[in-house]
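Residue-level listing of the chains:
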Amino acid sequence: MESEDQPQNRRARRASEKKNADQGEIKDRNQRLRAEVRGTKKRATSAEKARAALDAQERLDDVLLRSTDAAGKFFGSNFNWLQYLIVLGVAGGIGYLFWNYRSGVDQAKRGDQLAEAFDVTHGRLASDAAPKTSQFGLVDTRPEFADPEARAKASQEKWAALASSEPALELHALLAQAGGKFDGRAFEDAIKSYEAILSHPKAQKSPLIQARAAEGILLSYEALGNYDKALDAVKRLQGVAGQAQLATYHEARLALLKGDKTRAKELVASLSEKLKKSEKPGSSPGYLSVQVSELEKTLDPKPTLPTGGLSPETLAMLQKQLEELQKNAAQNEGQEGSVPFDPIPLLPETDEPQEPSEGTP
């Protein structure tokens, strides 16, 4: 029996020794962790005390040094992937500079094309006189046409070619075409062109294009004498973002043309008040403010003083005052102490020398 129990005792003893060893390790590890925590707290407390003893400039220097050190360590440990980020950033900057340059070149090209089209639209008409040279030695380089009809035809062709070749200038070219028809008094054709612009898909993204087209329709109907259709166009102009005040101005004009002066005055008074509130102090009035002011003068003209010279009424009043002064001077001429209007000379006028009287040196 003793021999059979010995292996079991040995196994139990080994298990007990292992358990005691593990407990000792755990105990030692816990003590080690607590010691590390105490050391960390002690170092943090020492660092805080050291920082508290520094003045403001030294604290700032300490923060900068520690930040620089941390950044250097981060850069050194992550340099492998940071270098790719730097390369990508440089490549992106070069790409942006190239794109910006090409955009500027394209804009300059479109500007040149617009300038050429406007030169045709405002070209010179044939005459016997040679083109005048300016004081700087510049000569008018616009093309010359035999008559206005030829100029208008060339202008329409130029704008049509520009609209088909440059998508970015398509709507502007179409507007110029419609404006040329309006200037040529082809109002019906101008209305069709403006309507085509309003229905264009690109026009929906440009409130300014929509406003110019709606205003062109309005003015075309007004030129035809169809004020009701023009008022319908005013409503379309009111629906464009930022064009409510311009639409009110045109509505007031049309009301005056239809003979409704009271309605026109109400609209102008309301619009004038809004414009005055929106204007910045000391700034010059804008286009719409000037037009509204002119319309106010038309609706309610007020007498103004002449800017130069004297009016006939003022001259007559001054003449009357002068006559009254001369009349009063003639009546008081013989009275003592009065001063005549034209006083007589103190000595008689004679060519002979006068003898000095007594007492005269």
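Nothing here was measured: the structure is a model prediction, and the numbers come from that model. (Residues numbered from 1 in each chain as written. Predicted model: local features only at pLDDT ≥ 70, side-chain atom pairs only at ≥ 80, totals over all residues. Heavy atoms only, no water.)

**Some remarks on the overall build of the protein**
(1) Moving on: Check the secondary structure of the protein and you find 12 helices and two strands.
(2) Moving on: Seen in sequence order, the protein has helices and strands lined up from the N terminus as α-α-α-β-β-α-α-α-α-α-α-α-α-α.
(3) Moving on: Out of the 361 residues in the protein, the part that is buried amounts to 20%.
(4) Moving on: Contacts in the protein between residues at least 24 apart in sequence constitute 46% of all its contacts with a sequence separation of at least 6.
(5) Moving on: Of the roughly 27400 Å² of accessible surface on the protein, 56% is carried by carbon and sulfur atoms. (Helix = DSSP H or I, 4+ residues; strand = E, 2+ residues; numbered from the N terminus. Buried < 20%, exposed > 50% of the residue type's maximum accessible area, 1.4 Å probe, protein only. Contact = heavy atoms within 4.5 Å. Areas by Shrake-Rupley, 256 points an atom, 1.4 Å probe, with all protein chains shown as cover.)

**Description of the pattern of salt bridges**
(1) Moving on: One pass over the full model with this rule turns up 12 salt bridges.
(2) Moving on: Put simply, K258 and D228 hold a salt bridge, and the shortest N to O gap is 3.1 Å. Taken together, the positions of K258 in the loop between α9 (244-257) and α10 (261-278) and D228 in helix α8 (residues 227-238) put the pair 30 residues apart, joining distant regions of the chain.
(3) Moving on: Look at the salt bridges and you will find they share partners, linking E251, R263 and E266 into a network. (Salt bridge = Lys/Arg side-chain N within 4 Å of Asp/Glu carboxyl O.)

**Observations concerning the packing of aromatic side chains**
(1) Moving on: Under the criterion given, the structure shown has four aromatic pairs.
(2) Moving on: Taking the centre distance of 5.2 Å and the plane angle of 80° together, the rings of F118 and W159 count as edge-to-face. With F118 in helix α3 (residues 79-121) and W159 in helix α4 (residues 148-165), this pair connects stretches of sequence that are 41 residues apart. (Phe/Tyr/Trp six-rings, centres within 6.5 Å; stacked < 30°, edge-to-face > 60°.)

**As for the packing of α9 against helix α11 (residues 287-299)**
(1) Moving on: The interhelical angle for the contact between α9 and α11, taken along N-to-C directions, is 20°, at an axis separation of 11 Å. The orientation of α9 relative to α11 falls into the category roughly parallel. You can see that α9 and α11 cross each other, and the crossing is left-handed. Taken together, the residues of α11 that come into contact with α9 (itself represented by Q245, L246, Y249, A252, R253 and L256) are L288, Q291, V292, L295, T298 and L299. (Axes fitted to C-alpha atoms, helices over the stretch in contact; angles between N-to-C directions. Parallel < 35°, antiparallel > 145°, perpendicular 65-115°, else oblique. Left-handed = near helix turned anticlockwise from the far one by under 90°.)

**Observations concerning α3**
(1) Moving on: Under the 1.5 Å per step criterion, the end-to-end length of α3 is 63 Å for 43 residues, consistent within 8% with the ideal 63 Å.
(2) Moving on: Looking at α3, one finds that the buried residues are L82, S103, A117 and V120. (Expected span 1.5 Å × (residues − 1).)

**Re the confidence of the model for the protein**
(1) Moving on: Averaged over all residues, the pLDDT of the protein is 77; the fraction at 70 or higher stands at 72%.
(2) Moving on: At the level of individual helices and strands, the protein shows its lowest average pLDDT in helix α1 (residues 2-52), which scores 63, and its highest in helix α7 (residues 207-224), which scores 93.
(3) Moving on: Note on residues 336-361: pLDDT under 50 across the span, and five contacts to partners over four residues away in sequence or across chains. (pLDDT = per-residue confidence, 0-100.)

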